[in-house]
Amino acid sequence: MKRIAIGGLHTECSSYSPLEQTLNDFTRLSGLALIDAVPFDFASEGIEAIPLFQDRAVPGGPVATATFAKQRTDFMDALRAAGPLDGVLLLMHGAMFVPGLDDPEGAFITEVRDIVGPEALISASFDLHGQVTQKIVDALDMFAAYRTAPHIDVPQTHERAAKMLARALHTPLERPMVCWTPIPILAPGEMTSTFVAPCDALYAALPNHDASPQIWDSNLMIGYVWADSPRATASAVVTTTDTEAGQAVSDRIAQSYHTVRDELVFDMPTASLSDALSQLGDSPAILADSGDNPTAGGVGDRADVLSAFAQGGKSSALFAGIADPAAYDALLNGASSVDIGGSLGGGGPRLTITPDTCRFANDCAILDWGGLVVVLTKRRRPFHNLTDFYALDLNLDSFQTLVVKSGYLSPDLRDLPRQQMMALTEGAVCQDLSQLANEHRPAGTWPFTA
C-alpha cells in the first residue's frame, strides 16, 4: 500500500492591512475532518492517507513572522514523523504574505520536497487567486487550482489534485511535471469573476486542454492584487507528462488571458459610496462594501457605510457585519452605548451608538439603532451565506437594504431578487488600484504600468 500525507496552509494576505495574522486567527483542521475535506476514496486506490494538518484563516493582513515559523516547524516535524512517504497532497491557497520573506509558499513547499526526497510525488491544490513562482513549480509534480470565482469548486479541486496523485503513484513510468507561464496582469477578483465575460469563457475552456493524454490539469491563476510583492502575477499552470506539450498549452492559456485584459470589468454595477447611495432606489437592494471585505484581506472593522446611512437619514438597512471585539465585550457586559469603527486599525470614522435594543447570538451583537440594524462581530468574519443570517434569526425581507462587506457577491446573495451595487469604498482591499502603493510588483504589470 502506498502512503501519503495530507496538509497545508491556507490564507490570503493584504500587505496594505495593518492587522497581522497570528496563530489565534487560524483554525487547524486535522484527523478525519482533514481526510473528509478531500472527496476521494484513497483506500480503494490502495493508498493510506495520513492527515497532518491544514491551518486555515479568514483572509487578512500579513502573517506574523513568528506565526509562519511556528506553522512551518509544526508541519515539517509532523511530516518527518509520518515518513517514509510515497507522496504528499498539499491543500494550499498561495497568497500568503510574510514580512521579509518574498515567497513563503515556495519556502514551505521546497522544505516539504527536501524532507520527502526527490522520488516522492507532491500534488497541490491552490486558490486561483494564489501566486505561483518558479520555486513552487520546481518543488511540485502536480498542480490544480479552483476554476470558479466566487469559489464553488473547492472540494472538486481537492479531488482533482488527489486523483492526479493516485494516478502518478500507480503509473511510475509516466511521472508528471508542472509547466507555467507568468502573465503580467493583476486584476481583482471582482473584475475576473467566472460568472461573467470574459473569464467565464476562459475557464470553461480549461477542461478541453485536459482531454489530451499528455495534459493532466490546466489552470489560469488570476493572482492576488492587494499584496505589493515581487511574486505578484497572474499565471497559467499546467500539469503534464511532456514538457514541450505542457509549455505550449500553458503559453496558449496565458495568451488567451492577456488578449482580453482590456475587457476585464467589474461583475456588477459600481460607484463611489456617495453615488451608490444616491442610486439605491426604493426596491430591495444589496450594497457591497468592497474596500473592507474580509474575504479578500480587508480588516472588516470600518463604519464608513453605516456613517453615510446615518447621516443621510436612511433606515431599514441591515449591516452585516462590523468586526469590533471591544464593543462586543462592552455590550455583553452591560454597556448602554459603544464607539465603533476602525477598532482593529482599519481606519474610517468612529461612531457612538446607543442602540434601542441589543441581543446576542453566535458571537454577534445585533443592534437596532433607529431602524438601522447593525451586526457587531466578536471576530472578523464574512456574511455570504443565507445560513449566516438564519443563525442570527434575521429575516432579510424585513430590510430594504442589505449591506455586506464583500466584493463580488456569493452565489447565495447573487441569486436574491434585489438591486445589486458595489460601493468602491476605502480599506485594505481598495478596488481603486491607482491608490495602491506599487514598489515591489514586477515591472510592466498591467494595469500598474499601462
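Since this is a predicted model, take the numbers as computed values, not measurements.

Asks: What should I look at first to understand the overall build of the protein chain in this one?
Replies: Along the protein chain, the regular secondary structure elements total 13 helices and 19 strands. For 450 residues, the compact-globule estimate of 2.2 N^0.38 gives 22 Å, and the C-alpha radius of gyration of the protein chain, at 22 Å, lies within 12% of that figure. Viewed in the frame of its principal axes, the protein chain has a C-alpha envelope of about 70 × 45 × 40 Å. Taken across its 450 residues, the protein chain has 57% of its residues classed as buried. Sequence separation of 24 or more characterises 75% of the internal contacts of the protein chain that already satisfy a separation of 6 or more. With an accessible surface of roughly 17000 Å², the protein chain has 52% of that area assigned to carbon and sulfur atoms.

Asks: Would you take a moment to explain unusual backbone geometry for this structure?
Replies: Glycine aside, negative phi is the norm for most residues, and most peptide bonds take the trans geometry. The omega torsion of the bond from Ala149 to Pro150 falls at 0°, within 30 degrees of zero and hence cis. Relative to the assigned elements, Pro150 resides in the loop between strand S6 (142-145) and helix H5 (154-170). The omega angle of the peptide bond from Ala320 to Gly321 is -10°, so this bond is cis rather than trans. Of note in the backbone geometry, Asp393 takes a positive phi value of approximately 55° without being a glycine.

Asks: Would you mind going over the environment of Thr425 with me for this structure?
Replies: Position of Thr425 relative to the elements: it lies in the segment after strand S19 (419-423). Here Thr425 falls in the buried class, since its relative accessible area comes to 5%. On a C-alpha basis, the gap between Thr425 and Ala187 in space is 17 Å, while along the polypeptide they are 238 residues apart. Setting aside its immediate chain neighbours within four residues, Thr425 contacts Leu273, Asp289, Ser290, Gly291, Asp292, Val305 and Cys430. Polar side-chain contacts of Thr425 include one of 3.3 Å to the backbone nitrogen of Ser290.

Asks: Would you explain the sheet that holds strand S10 (residues 270-271) in this entry?
Replies: Backbone hydrogen bonds hold the strands of a sheet together, and the pairing may be parallel or antiparallel. Judged by pairing direction, the sheet is mixed, and its 8 strands sit side by side in the order S10-S19-S11-S18-S12-S17-S16-S15 without closing on themselves. In the strand order of this sheet, the two ends are held by S10 and strand S15 (357-361), each with one partner. The sheet contact formed by strand S12 (residues 317-323) and strand S18 (residues 401-404) spans 4 bridges and is parallel. Bridge pairing links Phe319 to Val403 in S18. In this fold helix H10 (residues 304-311) packs onto strand S11 (285-289), S12, strand S16 (364-369), strand S17 (372-377) and S18, with an angle of close to 145° to the strand it touches most, S12.

Asks: What is the right way to look at the nonpolar core in this model?
Replies: The nonpolar side chains of a soluble globular protein tend to be buried, and buried together. Core analysis: the biggest nonpolar cluster contains 52 residues, and Leu79, Leu90, Phe108, Ile109, Phe126 and Phe143 have the highest contact counts within it. Ranked by residues supplied to this core, first place goes to helix H2 (residues 65-82) with 5 residues. Excluding anything up to four places from it in sequence, Leu90 contacts Gly7, Phe75, Phe108, Ile109, Ile122, Ser123, Ala124 and Ser125. Among the nonpolar cores identified, the runner-up in size contains 30 residues, and Leu287, Phe309, Phe319 and Ala423 belong to it.

Asks: Is there a simple way to explain the pattern of salt bridges in this structure?
Replies: Once their charged atoms are close, side chains differing in charge can pair, the charge on each being opposite to the other. This structure, assessed with the given rule, holds 22 salt bridges. Between Asp228 and Arg441 there is a salt bridge, with its nearest N and O atoms 3.6 Å apart. Here Asp228, found in the loop between strand S8 (215-221) and strand S9 (234-240), pairs with Arg441, found in the segment after S19; they are 213 residues apart in sequence, far enough to count as distant. For Asp228, a relative accessible area of 8% translates into the label buried. On the basis of relative accessible area, Arg441 is assigned to the buried category, the value being 7%. Of the charged contacts in the structure, one is a salt bridge between Asp304 and Arg302, with a shortest N-O distance of 2.8 Å.

Asks: Would you mind going over the confidence of the model for the protein chain with me for this structure?
Replies: When pLDDT drops low, the exact placement of atoms in the prediction is not to be read closely. When the pLDDT values of the protein chain are averaged, the result is 97; 100% of them are 70 or greater. Averaged pLDDT values over the elements of the protein chain bottom out at 94 in helix H9 (residues 273-279) and peak at 99 in strand S4 (residues 87-91).

Asks: Please explain the pairing of S6 as it appears in this structure.
Replies: Within a regular strand, the side chains alternate between the two sheet faces. Residues Met142 and Ala144 point to one face of S6 and Phe143 and Ala145 to the other, with burial holding for every one of them. Taken together, strand S5 (residues 121-126), helix H4 (residues 134-139) and S6 form a β-α-β motif whose crossover is right-handed.

Asks: I would appreciate a short explanation of the pairing of S16 in the present structure.
Replies: Alignment of S15 against S16, held across 5 bridges, turns out to be antiparallel. Across the sheet, Phe360 pairs through a bridge with Ala365, a residue of S16. In this antiparallel pair of consecutive strands, S15 and S16, the connection spans 2 residues, and Asn362 shows a positive phi of 50°. Relative to S17, S16 is paired through 6 bridges, and the arrangement is antiparallel. Looking across to S17, one finds that Ile366 is bridged to Val375. Counting the residues that bridge the hairpin from S16 to S17 gives 2 residues, and of these Gly370 lies at a positive phi of roughly 60°.

Asks: What is the right way to look at the packing of H2 against helix H3 (residues 104-116) in this model?
Replies: When two helices pack together, their arrangement is given by the angle between the helix axes and the distance between those axes. For the pair H2 and H3, the least separation of the axes is 10 Å and the interaxial angle reads 20°. Here H3 runs roughly parallel to H2, going by the angle between their axes. Along this stretch, H2 crosses H3, giving a crossing that reads as right-handed. From H2, Phe68, Arg72, Phe75, Met76, Leu79 and Arg80 reach across to H3, where they touch Pro104, Ala107, Phe108, Glu111, Val112, Ile115 and Val116.

About the thresholds
Residues numbered from 1 in each chain as written. Predicted model: local features only at pLDDT ≥ 70, side-chain atom pairs only at ≥ 80, totals over all residues. Heavy atoms only, no water. Helix = DSSP H or I, 4+ residues; strand = E, 2+ residues; numbered from the N terminus. Rg over C-alpha atoms; globule rule 2.2 N^0.38 Å. Buried < 20%, exposed > 50% of the residue type's maximum accessible area, 1.4 Å probe, protein only. Contact = heavy atoms within 4.5 Å. Areas by Shrake-Rupley, 256 points an atom, 1.4 Å probe, with all protein chains shown as cover. Polar contact = N/O pair within 3.5 Å; in protein donor to acceptor, adjacent residues only side chain to side chain. Pairing = 2+ DSSP bridges. Axes fitted to C-alpha atoms, helices over the stretch in contact; angles between N-to-C directions. Core = buried A, V, L, I, M, F, W, Y, C linked by side-chain atoms within 4.5 Å. Salt bridge = Lys/Arg side-chain N within 4 Å of Asp/Glu carboxyl O. pLDDT = per-residue confidence, 0-100. Right-handed = clockwise from strand over helix to strand, strands pointing away. Parallel < 35°, antiparallel > 145°, perpendicular 65-115°, else oblique. Left-handed = near helix turned anticlockwise from the far one by under 90°.

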